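Report on the structure
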Amino acid sequence: MTDAEFGYVTPETLPLFTDLYELTMLQGYHASDHEPRATFSLFFRDLPPDRGYVLAAGLEQAVRYVETLTFGDRALDYLAERGFEDDFLDRLADFEFTGELRALPEGTPVFPDEPLLEVTAPIFEAQLFETLLINQVGFQSLVATKAARMAEAVDRHGDDQSLVEFGSRRAHGTDAGVKAARAAYVGGFDGTSNVAAGEAFDLPVYGTMAHSWIQSFPDERSSFATFVEQYGDDSVLLVDTYDTVAGAKVAMEVADEYDADVGVRLDSGDLVALSKEVEEVVGDAPIFVSSGMDEYEIADFLRDDGVASGFGPGTALATSEDAPSMDAVYKLVAVERDGEMRPSMKLSAGKVTYPNAKSVRRVEGEDGYERDVVGLREEADELPGEEQLVTVFEDGERVRDLPGLDALQDRARERRRKLPAGCRDLRDPDEYPVEVGDELRARTDDLAAELRE
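These lines cover the structure that appears in this document, whether it is placed above or below. (Residues numbered from 1 in each chain as written. Predicted model: local features only at pLDDT ≥ 70, side-chain atom pairs only at ≥ 80, totals over all residues. Heavy atoms only, no water.)

Concerning helix α11 (residues 220-231)
In plain terms, the rule: Working definition: helices are DSSP H or I runs of at least four residues, strands are E runs of at least two. Numbering for both runs from the N terminus. Take the residue count of a helix, subtract one, and multiply by 1.5 Å to get its expected span. A 1.4 Å probe rolled over the protein chains alone gives each residue an accessible area, and that area as a share of the maximum for its type sets the label: buried under 20%, exposed over 50%, partly exposed in between. Residue contacts are counted whenever heavy atoms from the two residues lie within 4.5 Å of one another. A 3.5 Å cut-off defines polar contacts: any pair of N or O atoms within that distance qualifies, except that in protein one atom must be a possible hydrogen donor and the other a possible acceptor, and neighbouring residues in sequence count only when both atoms are side-chain atoms.
In a regular helix each residue adds 1.5 Å, so twelve residues correspond to 16 Å; α11 covers 17 Å between its end C-alpha atoms and thus fits that length. Within the span of α11, buried status applies to E220, S223, F224, A225, F227 and V228. The inward-facing, buried residues of α11 contact α10 (211-215), β8 (236-238) and α12 (244-258). Residue D219 occupies the N-cap position of α11, its side-chain oxygen lying 3.2 Å from the main-chain nitrogen of R221. Positive phi appears at G232, one or two residues downstream of α11, with a value of about 50°.

In structure tokens form, the structure reads like this:
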């Protein structure tokens with residue numbers, strides 16, 4: 001197996017990261033010369049459980065996909081084997097995006113029925129993007145939201161404790177592990193344990209040691225001493241392999257022996273009680289706490305006066321464990337007929353969509369955000385508040401630079417804190433007010449009545 005084969009989705013195969021029916025429809029559009037201009041909107045209908053908001057993330061990967069998508073020989077050969085026609089494959093070989101993409105910048109809180117992004121282009125182009133855009137934006141938004149909730153727990157109950165992502169080994173694949181580290185940083189984390197993510201996104205990388213290090217030595221003292229000899233003041237010693245409090249004492253004795261400023265990590269047991277006992281032993285030395293931490297565990301730990309300098313959430317973060325999926329959809333909301341863009345919508349029970357390209361306006365008062373208004377794009381200037389959607393592509397060309405991750409993290413933190421406090425509660429959050437503009441509601445009702453007839 002070659003390196004390229006191990007990376008199952010490579011630049012050569014990325015165009016195939018789509019569902020078969022997308023390509024089936026594209027061939028049909030091409031063969032029937034049915035290629036109207038269309039607008040697709042990516043949004044979700046309901047918030048995940050216990051979420052008062054979702055934090056938008058993943059736009060950078062979506063943008064790179066749109067601007068670099070190319071069908072090369074490997075992808076075309078596979079599609080030929082699947083029975084796609086030569087004329088259609090020739091069209092794919094020349095594929096390029098010529099349309100417009102508008103999106104919420106990463107780090108923006110978003111609510112049901114608000115577009116995370118909208119694509120307007122010939123339907124042959126816009127249709128293809130559905131699977132990957134939902135994949136990239138949906139997953140990273142879930143993880144960024146989970147991370148922001150953990151940062152919220154520290155904000156409310158802690159004292160600026162650090163947060164480091166530890167979830168790679170439980171992530172659903174290597175790509176998910178790297179993207180989870182990125183999304184966690186957007187949501188407010190200080191770094192990751194994943195070295196590949198550090199290299200890919202220039203993230204701060206942190207690490208301590210495993211129990212296997214201690215177990216491989218004749219005794220705990222020699223394992224700590226060898227580690228401190230190697231790493232000095234950068235050492236964080238895992239003290240709960242045998243007896244946590246005794247391990248902390250040994251760690252401090254080794255630190256004194258080598259005149260090193262070391263920290264300790266707790267990874268099991270009654271973390272609140274043990275952290276207090278360990279603090280009596282280690283004094284001002286950093287105490288890092290891991291072991292199944294999520295926003296609820298962090299909040300409870302801090303409310304119960306547990307002692308920690310930082311936390312290392314893993315599984316719960318990288319899998320967004322309590323809300324592992326988001327009902328994100330990519331729906332046709334407008335299509336060209338007789339030279340004009342006409343509204344389009346679904347009427348399926350429970351899946352009704354609002355038609356037309358949208359404007360998302362956010363109204364801010366002295367104390368923060370007060371409400372959102374979702375309206376028609378064409379009436380944006382008549383709606384209150386500040387527009388949230390920005391144009392990223394115009395006529396197929398990228399017209400907006402994407403900020404770095406530090407700027408995205410600052411944006412996410414600032415905008416999260418502007419939300420009403422009740423909307424940010426970790427359990428049973430208040431519903432944030434989102435209004436549907438009068439013109440959009442009227443357009444929706446008129447079109448629904450017309451379609452039912």
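Still more ground to cover, so stick around.
Describing the pairing of strand β15 (residues 368-376)
Quick reminder of the rule: Pairing between strands is defined by DSSP: at least two bridges between the two strands are required.
Counting buried positions along β15 gives seven out of nine residues, so the element sits mostly inside the fold. Turn length for the strand β14 (residues 358-365)-β15 hairpin, with the two strands adjacent in sequence and antiparallel, is two residues. The pairing of β15 with strand β19 (residues 434-436) spans three bridges and is classified as parallel. Note on β19: the bridge partner recorded for V373 is E435.

Observations concerning the pattern of salt bridges
This is how it is decided: The salt bridge criterion pairs a side-chain nitrogen of Lys or Arg with a carboxyl oxygen of Asp or Glu, the two atoms within 4 Å.
One pass over the full model with this rule turns up 33 salt bridges. Linking E12 and R74 is a salt bridge whose minimum nitrogen-to-oxygen distance equals 3.5 Å. Note that E12 is positioned in the loop between α1 (3-6) and α2 (20-31) and R74 in helix α4 (residues 73-81), a separation of 62 residues in sequence. For E12, a relative accessible area of 44% puts it in the partly exposed group. With a relative accessible area of 37%, R74 lands in the partly exposed category. Linking E106 and R182 is a salt bridge whose minimum nitrogen-to-oxygen distance equals 2.8 Å. Taken as a pair, E106 in the loop between β3 (100-103) and β4 (109-110) and R182 in helix α8 (residues 174-187) lie far apart in primary sequence, 76 residues in all. In this pair, the class of E106 matches that of R182, namely buried. Through salt bridges with shared partners, a single ionic network connects E152, D155, R156, R416, R417, R424 and D425.

Observations regarding the packing of aromatic side chains
Stated precisely, the cut-off is as follows: Aromatic rings from Phe, Tyr and Trp, taking only the six-membered ring of Trp, are treated as a pair when their centres fall within 6.5 Å; an angle between ring planes under 30 degrees marks them as stacked, one over 60 as edge-to-face, and anything in between as tilted.
Throughout the structure, instances matching the rule amount to 15 aromatic pairs. Plain terms: the ring middles of F166 and F288 are 5.7 Å apart, the flat faces sit at 45° to each other, and that makes the pair tilted. With F166 in the loop between β6 (162-165) and α8 and F288 in strand β10 (residues 287-289), the pair connects residues that are 122 residues apart, well separated along the chain. Here F166 and F288 have matching classes, each one buried. On the basis of an interplanar angle of 80° and a centroid distance of 5.4 Å, the ring pair of W213 and F227 is categorised as edge-to-face.

Side note on the layout of surface pockets
The line we're drawing: Note on definitions: the grid is 1 Å and covers protein atoms alone; a cavity is a set of points where a 1.4 Å probe fits but cannot get out; a pocket is an open set with protein on both sides within 12 Å along at least five of seven lines; lining residues have an atom within 4 Å of a point. Grid points are joined across faces, edges and corners, and a volume is the space filled by probe spheres set on the points. Residue classes follow a fixed rule: Ala, Val, Leu, Ile, Met, Phe, Trp, Tyr, Cys and Pro count as nonpolar, while Asp, Glu, Lys and Arg count as charged, and any other residue, Gly among them, counts as polar.
Space inside the largest pocket adds up to approximately 1200 Å³. V9, Q136, D175, A176 and K179 are the residues nearest the centre of the largest pocket, which is lined by 35 residues in total. Elements represented by at least two residues in the lining of the largest pocket include exactly α3 (59-68), α7 (130-157), α8 and α9 (195-201). Top contributing element to the lining of the largest pocket by residue count: α8, with six residues. Residue composition of the lining of the largest pocket, by class: 17 nonpolar, 14 polar and four charged. The space that makes up the second largest pocket amounts to roughly 540 Å³. Looking at the lining of the second largest pocket, its residues break down into seven nonpolar, twelve polar and four charged.

Some remarks on the nonpolar core
Note the following rule: Take the buried Ala, Val, Leu, Ile, Met, Phe, Trp, Tyr and Cys residues and link them wherever side-chain atoms come within 4.5 Å; each set so joined is a nonpolar core.
Among the nonpolar cores identified, the biggest contains 64 residues, and F224, I298, F301 and F311 are the most heavily contacted of them. Counting residues per element, this core draws most heavily on α7, at eight residues. Residues within four places of F224 in sequence aside, it is in contact with M209, I214, L237, L238, V239, G247, V250, A251 and V254.

Things to note about the environment of E297
Within the secondary structure, E297 is located in helix α14 (residues 295-303). A sequence separation of 144 residues divides E297 from A153, and the C-alpha atoms of the two residues are 9.1 Å apart.

What about the packing of α4 against helix α5 (residues 86-93)?
Cut-off, in case you're wondering: Lines fitted to C-alpha atoms define the axes here, with helix axes fitted over just the stretch in contact, and angles between the N-to-C directions of these axes take values from 0 to 180 degrees. Angles are sorted into four bins: roughly parallel if under 35 degrees, roughly antiparallel if over 145, roughly perpendicular if 65 to 115, and oblique for all others. Should the near helix be turned anticlockwise from the far one by less than a right angle, the crossing is left-handed, and should it be turned clockwise, the crossing is right-handed.
In contact at an axis separation of 10 Å, α4 and α5 are set at 160° when each is read in the N-to-C sense. Looking at the two axes, α4 sits roughly antiparallel to α5. Note on packing geometry: the crossing formed by α4 with α5 is right-handed. In this structure, α4 uses L76, L79 and A80 to contact α5, whose residues at the interface are L89, L92 and A93. Class assignment of the residues belonging to the contact of α4 with α5 gives a composition of six nonpolar, no polar and no charged.

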